[in-house]
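# Chain and residue survey
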Amino acid sequence: MGSALPGLAAADLAGTWWERLVAGFSHAPVPSVTGVELLLVAAAAVVLSLPSATWRYFGLLATVTHELGHAVAALMTGQRLGGIRLGLDHSGTTTSYSRRPAAAVWSTFWGYPVPALAGAAMVWCGFTGWGPAAMSVGTVLLLVSFLFLRNIAGVLITAGAVLAAIVLVLFVPAVLIGHVMIGLGLALLVAAVRDLGKLIAVHTRHRNRLSTSDAFLLARATRVPAFLWIGLFVAAVAAAWWVAWQPIAPVLAGLLR
C-alpha cells in the first residue's frame, strides 16, 4: 500500500495540473500592477536577458521561441516540417520542405520577430486578465513541439521549459500568473533586441558566420540585400515593443503624478 501512495500522489498532481491548464483558457481577474512593481519586473527582465550568467539559461527559451516561429510559419503555408534541432549554445535549426520559394521565405523570416511578438502578447495578456490563457497556450505549444524535436539537447531544453510552466501552473495562483507573464514577456522583448544585436554583429564583425544568419539565407533566396531583411526584423521587433508599451505607459505615468 505504501508503494502505491507515490503513484497516487503523482496522479493527483497530474490531474490538478491538467485541470488548471484547461481552466487557464478562461478570463481571470485583471491584475493590479503598480508603477513600482512594473519597474521591478522590468529590472528582473533585464537581469534575465542581458548578463551572461542568466542569459546562458534564459536565452535557451528565446531560441526555442525563435525556432517555433519558423516551424509555425512553415506549417501555416502547408510546408512539410522535417524537424527542429536545438543546441545548448543557443543555436537552432528548423528544417522544412516546400516547392514554393515564397513559402520558404515566409518561414525563414519569422524567426527573429517571433520572440518579440510572443513577448508583446504575454505583456498584453498579463495586463488584461488573459495571463493564465497565455501560460496555457504556451505550454500546449511546447508540448506539441516534442513531435518535431530531432536531438537530445532539444528535448532537454524543451522539457526544462515545460517543467517550469508546470511548476508555475501548479504553484502560482491564477491571479498572480498575469504578473509573471508581464515579466516573461518583457524578458523576451529584451531578448529579441539582444538577438538582433548578435545578428547585426554577424554581418558587420563576424562575417565568417554568415551561413548561420536568417538575413543571409533570405538574401540568397530572394536577392534582396540582407540589410533590408535586418531592417524588416528591426521594424517587427519595434512594432512588438510599441504594442507592449500601450498597457505599460499608463502605469509608468502614474509614478510621475
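Refer to the structure printed above.
Because the structure is predicted, anything quoted here is derived from the model rather than measured.

### Examining unusual backbone geometry
- One non-glycine residue, His-90, lies in positive phi territory at about 75 degrees.
- One can find His-90 in the loop between strand S1 (80-86) and strand S2 (92-97).
- One non-glycine residue, Arg-223, lies in positive phi territory at about 65 degrees.
- In this structure, Arg-223 sits in the loop between helix H9 (214-222) and helix H10 (226-255).

### Focus on the pairing of S1
- Here six bridges tie S1 to S2, and the two strands are oriented antiparallel to one another. What sits directly across from Leu-81, in S2, is Ser-96.
- Taking the residues that link successive antiparallel strands as the turn, the S1-S2 hairpin has five residues, and the phi of His-90 there is positive, at about 75 degrees.

### Section: the environment of Val-22
- Its location among the elements puts Val-22 in helix H1 (residues 4-23).
- Along the sequence, Val-22 and Ala-133 sit 111 residues apart, while their C-alpha atoms lie 8.7 Å from each other.

### Observations concerning the nonpolar core
- Leu-38, Phe-127, Leu-186 and Phe-233 are the most contacted members of the largest nonpolar core, which has 35 residues in total.
- For this core, the secondary-structure elements that each account for two or more residues are helix H2 (35-49), helix H3 (52-76), helix H4 (101-109), helix H5 (113-128), helix H8 (174-204), H9 and H10.
- Ignoring sequence-local partners within four residues, the contact set of Leu-38 consists of Val-33, Phe-127, Ile-182, Leu-186, Ile-248, Val-251 and Leu-252.
- If you look at the next biggest cluster of nonpolar residues, it comprises 13 residues, including Ala-74, Leu-81, Ile-84 and Ala-161.

### Here's the deal with the packing of aromatic side chains
- Per the counting criterion, the structure on display carries six aromatic pairs.
- Residues Trp-17 and Trp-18 carry aromatic rings whose centres are separated by 6.1 Å and whose planes lie at 55 degrees to one another, so their mutual orientation is tilted.
- You can call Trp-17 buried: its relative accessible area is 15%.
- Aromatic pair Tyr-112 and Phe-233: ring centres 5.3 Å apart, planes at 40 degrees, arrangement tilted. Taken as a pair, Tyr-112 in the loop between H4 and H5 and Phe-233 in helix H10 lie far apart in primary sequence, 121 residues in all. The same class applies to Tyr-112 as to Phe-233, namely buried.

### Looking at the pattern of salt bridges
- In total, this model carries one salt bridge according to the counting rule given.
- Its salt-bridge partner being Lys-198, residue Asp-195 comes within 3.9 Å of it at the nearest N-O pair. With Asp-195 and Lys-198 both in helix H8 and three residues apart, the pair spans about one turn of that helix.
- Owing to a relative accessible area of 12%, Asp-195 belongs among the buried residues under this scheme.

What counts as what
- By convention here, each chain's residues receive numbers from 1 onward along its written sequence.
- At least 70 in pLDDT is required for a residue's local features to be given in this predicted model, at least 80 for side-chain atom pairs to be given and counted, and no such filter applies to totals for whole chains, interfaces and linings, which use all residues.
- Computation of side-chain values covers all heavy atoms of the structure but excludes hydrogens and water.
- The helix and strand labels rest on DSSP assignments: H or I over at least four residues marks a helix, E over at least two residues marks a strand, and numbering proceeds from the N terminus.
- When DSSP finds two or more bridges between a pair of strands, those strands are recorded as paired.
- Here, the term nonpolar core denotes a set of buried Ala, Val, Leu, Ile, Met, Phe, Trp, Tyr and Cys residues that are joined through side-chain atoms within 4.5 Å.
- Accessible area is worked out with a 1.4 Å probe on protein chains only. A residue is then buried under 20% of its type maximum, exposed over 50%, and partly exposed in between.
- Contact definition: two residues touch when any of their heavy atoms are within 4.5 Å.
- Stacked, tilted and edge-to-face pairs are distinguished by plane angle, under 30 degrees for stacked and over 60 for edge-to-face with tilted covering the rest, among Phe, Tyr and Trp rings (Trp via its six-membered ring) whose centres lie within 6.5 Å.
- Only one rule defines a salt bridge in this text: a Lys or Arg side-chain nitrogen within 4 Å of an Asp or Glu carboxyl oxygen.

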